[in-house]
Amino acid sequence: MKRRLVAVGLTLVAGTVVHAQQGVFRARTDVVAIDVSVRDATKPVAGLTIGDFHLTDAGVTQALLNVGSDPMPLDVTLTIDVSNSMTADKQATIERAIRQVSATLKPDDRCSVVSFETHVLEESPLHHPPLAVRLTRRPGNTSLIDTLLLSMVSAPVVGRRQFNLILTDGIDTSSFFDTDRVKETMKYASGQTSVILVRGGRKTIGENPAIGLLNDVAGTTGGQVVALEQAEGLSAAFLAALDEFRMSYLLTFTPTGVSREGWHPVVVTVPGHRYTVRARQGYWFAR
Amino acid sequence: MKRALILVAIAGGLTGAAAAQVRVQQPPGPAEIADRRNELQKILDQYAAGDREIVARSLSTPDLLTRAAMRELLDNKDAPWHPARAVFALEIADTWSDGVWSFDMGALGYGRGILERRPTPIGGNTIEDRIELLYHQVALGMLEGRGSWPAHHAYLTLAGSRLDKLEAKYPKVSNRVPLMRALDVAMVCCREKLAGNFFPGTATVSRSDSRPAPSPTPSPEYATFLFEQAAHSPALQQEALVRAAYIQHRYGHAAKALALLDRTKSPGDPILDYAAAMIRGGLLDRDRPERAAEAYAEAARVAPGAQVPAIGVAAALQRAGRVEDATRAAEHARRLPVDGFDPWPDFLRADARFVRSWISQLRELLK
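Structural notes, computed from the coordinates. (Residues numbered from 1 in each chain as written. Chains lettered and ligands numbered in written order. Predicted model: local features only at pLDDT ≥ 70, side-chain atom pairs only at ≥ 80, totals over all residues. Heavy atoms only, no water.)

All names here are of chain A. A sheet is described by the order of its strands in space; here four strands give the open sequence β6-β5-β15-β17, paired in antiparallel fashion. Two strands in the sheet have a free side with no partner beyond their single neighbour: β6 (60–61) and β17 (282–285). Bridge count for strand β5 (residues 54–57) against strand β15 (residues 262–269) is four bridges, and the pairing is antiparallel. Each residue of the ladder has a partner; that of histidine 54, found in β15, is threonine 269. (Pairing = 2+ DSSP bridges. Helix = DSSP H or I, 4+ residues; strand = E, 2+ residues; numbered from the N terminus.)

Below is the structure:
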């Protein structure tokens, strides 16, 4: 029986084909994979097993197949704002952070680097480490919302976990698309998106609609928004976000007792513990 | 006149040593201004004689003295009439808007005043009438290009009666004024929704911001009505309908917007074909992602280097469940060159895209 990946993450096993008298008969089981981060007050919680988790799909409790105890290789995409706020010093800091991320990647991992201002540019395609990138500084406006929209377009990859890390100051000055488009598209996205938000001393970022969107994107995909006052703490923030993703659990289940279409809200808890559980908020059932 | 010290750097509470650090600049005196004005008169004379490049060559970086002298030169109500004076003022406005000085309406206003004072009334000289109509279009087009919508509204108000007479006298002469009036109403009522992030100078505020709105009260419905009126002119039809559709789209009236787009004929102006396709994509994106992808793809065919429609295609395909096609489209979008041409800003800048051509026509008419 072939298991089909419905959403976000990876397939478990390429299934077998049952031969019937009339010809090849294929049955199919859909599998959903959800990245889940569990923290106590100070750090990620390791060592949890399948029995520690409770997951509901559209309010219906699901039987978990696995909690991803085997490490999976990662596909990491670093998306970097190179617009007007990018100084030469900041560029050097970011490139250093990228090198440090590269140094922590395993040989089976892959990484790509994308930069954006009004234009989104693939600086380095997805490939195995090491990563050496010289960012193209391009003073201009910032199309953060368009960039987020493009970053939401991805397909689940067999046997790999996908992690998107976006570095931005949260300002959008030139996007064509609106936040609603991103919010709709992110329901279909694979992988987890986290954001490193460099405030640069601004205090009123709450009034910027792009900030709300960043929170929505991270929340929906199970990621987080990490706010820095300045770019100096960038390397540590990059590495911490990557480590947390690597240490997160990958819960898989076959949707049971729920419809086979549309958006499925998912809730994950660890009953009996005061942990902070961060997980993708749902998935779109792909036909 | 007693000369006064002008503090160039303005900071509250400057005292003592701090104040001594501040650079001071004295304004030019009457004698200096008069001398400079005479020099500028010679430049204007050469322009009138046929040296159309002299403004760009000699006056691209005006200082305080030149601006003061130019003001006196162009605002001289006793100067003899010559159409070249008005067009010269336009060229000054065009050249200085790209320089270190911020754009202002001064030069455009002086040229408008020169035309208003011409001895022959509208209808008495076809060439002069043509020059005046083109002049107003250039002025409005420049203001549209800068996103100076309050100034655009003020200019249209001040020039309105003369534009009415010109249109009444030459009903068969194609002009852009009906479209400009509709755009004015749209930007009075609905600038926040229509200006878009691409729009330069949206925050520009002129002293005419406090003027009352025109009546009837500007509204999306009234602006749409004016655009549909403008669409009766074959030369304006495509643009008028696309702009009307854009208003309806931004105000959430999808069915009306699509109906307006369906009335446009393409291929037409590529800027408008692109805008129509992008607007259509945005309308269909809500609930028909497959068709939205087709619309964005059409925009990409018009402007293959533009990244925004490529992003639209990718995202729409993702929502349509065509994940592999979407991923390929996203890769294509990310690999587009950074300097690809995107027509959308030109759509937002409206008539600014014709300014160069109109100035060329004015130069020809001066011969």
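All right, on to empty space enclosed by the protein then. Residue and element names in this part refer to chain B. Tallied over the full model, the rule gives two cavities of 30 Å³ or more. In this structure, the largest cavity occupies an estimated 90 Å³ of space. Lining the largest cavity, in full, are Trp149, Leu183, Ala186, Met187, Leu194, Phe227, Arg243, Tyr246, Ile247, Phe347, Leu348 and Ala350. Among the secondary structure elements, those contributing two or more residues to the lining of the largest cavity are α9 (177–194), α11 (237–250) and α17 (344–348). At four residues, the largest contribution of residues to the lining of the largest cavity is made by α9. Split by residue class, the lining of the largest cavity holds 11 nonpolar, no polar and one charged. (1 Å grid on protein atoms, 1.4 Å probe; cavity = no way out; pocket = protein on both sides within 12 Å on 5 of 7 lines; lining within 4 Å. Points joined across faces, edges and corners; volume = space filled by probe spheres on them. Nonpolar A, V, L, I, M, F, W, Y, C, P; charged D, E, K, R; others polar.)

Residue and element names in this part refer to chain A. The strand order across the open sheet built from six strands is β10-β9-β8-β11-β12-β13, with neighbouring strands paired in mixed fashion. Both edges of this open sheet fall to β10 (120–127) and β13 (225–228), since each of them pairs with a single strand only. Averaged over neighbouring strand pairs, the angle between their axes works out to 15° when direction is ignored. Across seven bridges, strand β8 (residues 74–81) lies against strand β11 (residues 161–168) in parallel orientation. Bridging across to β11, isoleucine 80 finds its partner in leucine 167. (Axes fitted to C-alpha atoms, helices over the stretch in contact; angles between N-to-C directions.)

The subject of this paragraph is the interface of chain A and chain B. The partner chain B presents 26 residues to the 27 residues of chain A that form the contact. At the boundary of chain A with chain B, the tally comes to two salt bridges. The closest approach of N and O atoms between glutamate 122 of chain A and arginine 335 of chain B, which form a salt bridge, is 2.8 Å. In this structure, the connection of chain A to chain B is made through 10 residue pairs in polar contact (both at pLDDT 80 or more). If you tally residues by element for the side of chain A that touches chain B, the top one is β10 of chain A, at four residues. Of the residues contributing to the side of chain A that touches chain B, the split by class is 14 nonpolar, seven polar and six charged. (Contact = heavy atoms within 4.5 Å. Salt bridge = Lys/Arg side-chain N within 4 Å of Asp/Glu carboxyl O. Polar contact = N/O pair within 3.5 Å; in protein donor to acceptor, adjacent residues only side chain to side chain.)

The subject of this paragraph is unusual backbone geometry. Peptide bonds are, in most cases, trans, and in most cases residues other than glycine have a negative phi. A cis amide bond, omega 10°, links proline 129 of chain A with the succeeding residue proline 130 of chain A. When you line up the elements, proline 130 of chain A lands in the loop between β10 and α2 (144–151). Here alanine 58 of chain A, not a glycine, exhibits a phi torsion of approximately 50°, which is positive. Within the chain, alanine 350 of chain B stands out as a residue other than glycine whose phi angle is a positive 50°.

Residues and elements named next belong to chain B. In this fold, arginine 301 is placed in helix α14 (residues 289–302). Taking the relative accessible area as the measure of exposure, arginine 301 reaches 57% and is therefore exposed. A sequence separation of 27 residues divides arginine 301 from tyrosine 274, and the C-alpha atoms of the two residues are 8.7 Å apart. (Buried < 20%, exposed > 50% of the residue type's maximum accessible area, 1.4 Å probe, protein only.)

A few words on the nonpolar core. Val182 of chain A together with Phe227, Tyr274, Ile279, Trp344 and Phe347 of chain B are the most contacted members of the largest nonpolar core, which totals 81 residues. Per-element accounting of this core gives the leading share, 10 residues, to helix α13 (residues 270–284) of chain B. The contact partners of phenylalanine 347 of chain B, leaving out residues within four places of it in the chain, are Val242, Arg243, Tyr246, Ile271, Leu272, Ala275 and Ile279 of chain B. Counting residues in hydrophobic clusters, the runner-up holds 51 residues, among them Leu40, Ile114, Val138 and Leu163 of chain B. (Core = buried A, V, L, I, M, F, W, Y, C linked by side-chain atoms within 4.5 Å.)

On to the state of the cysteines, then. All names here are of chain B. Applying the stated criterion to the full structure yields one disulfide over all chains. The disulfide partner of cysteine 189 is cysteine 190, and the gap between their sulfur atoms is 2.1 Å. Handedness of the cysteine 189-cysteine 190 disulfide follows from its S-S torsion of about -80°: it is left-handed. By relative accessible area, which is 2% here, cysteine 190 ends up buried. (Disulfide = S-S within 2.5 Å.)

Residues and elements named next belong to chain B. Taking 1.5 Å of rise per residue, the 12 residues of helix α16 (residues 323–334) would be expected to cover 16 Å, and the 16 Å separating its terminal C-alpha atoms lies within 8% of that figure. Taken together, the buried positions of α16 are occupied by Ala326, Thr327, Ala329, Ala330, Ala333 and Arg334. The buried side chains of α16 occupy one side of the element, clustering within an arc of 165° when seen end-on. Seen from the open side of α16, the exposed residues pointing more than 90 degrees away from its buried face are Glu324 and Arg328. (Expected span 1.5 Å × (residues − 1). Arc of directions from axis to C-beta.)

The geometry of an aromatic ring pair is captured by two quantities: the separation of the ring centres and the angle between the planes. Taken as a whole, this structure holds 14 aromatic pairs over all chains when the rule is applied. Arranged with centres 5.7 Å apart and planes meeting at 80°, the rings of phenylalanine 177 of chain A and tyrosine 296 of chain B form a pair that is edge-to-face. Within this pair, whereas phenylalanine 177 of chain A is found in the loop between β11 and α3 (179–185), its partner tyrosine 296 of chain B is found in helix α14, the two belonging to separate chains. Ring centres of tyrosine 246 of chain B and phenylalanine 347 of chain B lie 5.8 Å apart, and the angle between their planes is 75°; on these two criteria the pair is classed as edge-to-face. A residue pair is termed long-range when its members are at least 10 positions apart, and tyrosine 246 of chain B in helix α11 and phenylalanine 347 of chain B in helix α17 qualify at 101 residues. Here tyrosine 246 of chain B and phenylalanine 347 of chain B have matching classes, each one buried. Ring pairing ties together the aromatic residues Phe176 and Phe177 of chain A together with Tyr246, Tyr296, Trp344 and Phe347 of chain B, which thus form one cluster. The ring of phenylalanine 245 of chain A carries the charged tip of arginine 161 of chain A above its face, separated from the ring centre by 4.5 Å. (Phe/Tyr/Trp six-rings, centres within 6.5 Å; stacked < 30°, edge-to-face > 60°. Lys NZ or Arg CZ within 6 Å of the ring centre and 35° of its normal.)

Everything listed here is a matter of coordinates, which is why it stays silent on function.
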